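Residue-level structure breakdown
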Amino acid sequence: MTCALIVDDSRLARRISRSMLEACGVEVDEAEASASGLARCAEKIYDFVMVDYYVSETSGLDMIRNLRRKQEYKDIPIILCAK
C-alpha cells in the first residue's frame, strides 16, 4: 500500500488531503509542523510527502531541503502546497 505524509499546520487542510488520499487507497500519516514532519520521516520512509509552504516553525521549502539531505529521501516525490 502507498503511504504518504501530510505536513500542514491547518487541521482542516490535513483533513481534506487525508480524505482525498484515503479515497484513492493511500495510507496517510500527519504532522502539524516541520519538526514533527522531519521526525516522522526519520521513523518511516514514505512513498511521497505533501508539505504546506507556510507550515509552522520553518517554511515548507526549508523542510524539503532538510529532507533532500537524507539519502532515503533524495528521490522521493515531495509535493509543495500553497493556499
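Before any of the text, the structure's been laid out above.
Let me begin by describing the structure that accompanies this report. For clarity, every value in this text was computed on a predicted model and none was experimentally measured.

The subject of this paragraph is the nonpolar core. The biggest cluster of nonpolar side chains holds 16 residues, and the ones touching the most others in it are V7, V49 and L67. Once residues within four sequence positions are removed from consideration, L67 is found in contact with L38, C41, V49, Y73 and I78. A4, I6, F48 and M50 belong to the second-largest nonpolar core, a separate cluster that totals 7 residues.

Looking at where S17 falls in the secondary structure, it is placed in helix α1 (residues 11-23). The class of S17 is buried, set by a relative accessible area of 12%. Aside from chain neighbours lying at most four places away, what touches S17 is I6 and M50.

Turning next to helix α2 (residues 34-43). Those residues of α2 not exposed but buried are S34, G37, L38 and C41. An end-on view of α2 places all buried positions within 95° of arc, on one side of the element. For α2, exposure combined with an orientation more than 90 degrees from the buried face picks out A42 and E43. Its buried side turned inward, α2 meets β1 (3-7), β2 (27-31), β3 (48-52) and α3 (60-68).

Moving on, we get to α1. With 13 residues, α1 should cover 18 Å at 1.5 Å per step; its first-to-last C-alpha distance of 18 Å lies within 8% of that length. The set of residues buried in α1 consists of A13, R14, S17 and L21. Each buried residue of α1 lies within a common arc of 95° when the element is viewed along its axis, so the set occupies one face. In α1, the exposed residues that point more than 90 degrees away from the buried face are R11, L12 and A23.

Okay, the environment of I79 next. Of note, I79 is situated in strand β4 (residues 78-81). Taking C-alpha positions, I79 is 10 Å from V7, a pair spaced 72 residues apart along the chain. Residues within four places of I79 in sequence aside, it is in contact with F48, V49, M50 and V51.

Quick look at the packing of aromatic side chains now. Tallied over the entire structure, the rule returns 1 aromatic pair. Seen in terms of ring centroids, Y53 and Y54 are 4.8 Å apart; in terms of plane orientation they differ by 80°. Their pairing is edge-to-face.

How each quantity is defined
Residues numbered from 1 in each chain as written. Predicted model: local features only at pLDDT ≥ 70, side-chain atom pairs only at ≥ 80, totals over all residues. Heavy atoms only, no water. Core = buried A, V, L, I, M, F, W, Y, C linked by side-chain atoms within 4.5 Å. Buried < 20%, exposed > 50% of the residue type's maximum accessible area, 1.4 Å probe, protein only. Contact = heavy atoms within 4.5 Å. Helix = DSSP H or I, 4+ residues; strand = E, 2+ residues; numbered from the N terminus. Arc of directions from axis to C-beta. Expected span 1.5 Å × (residues − 1). Phe/Tyr/Trp six-rings, centres within 6.5 Å; stacked < 30°, edge-to-face > 60°.

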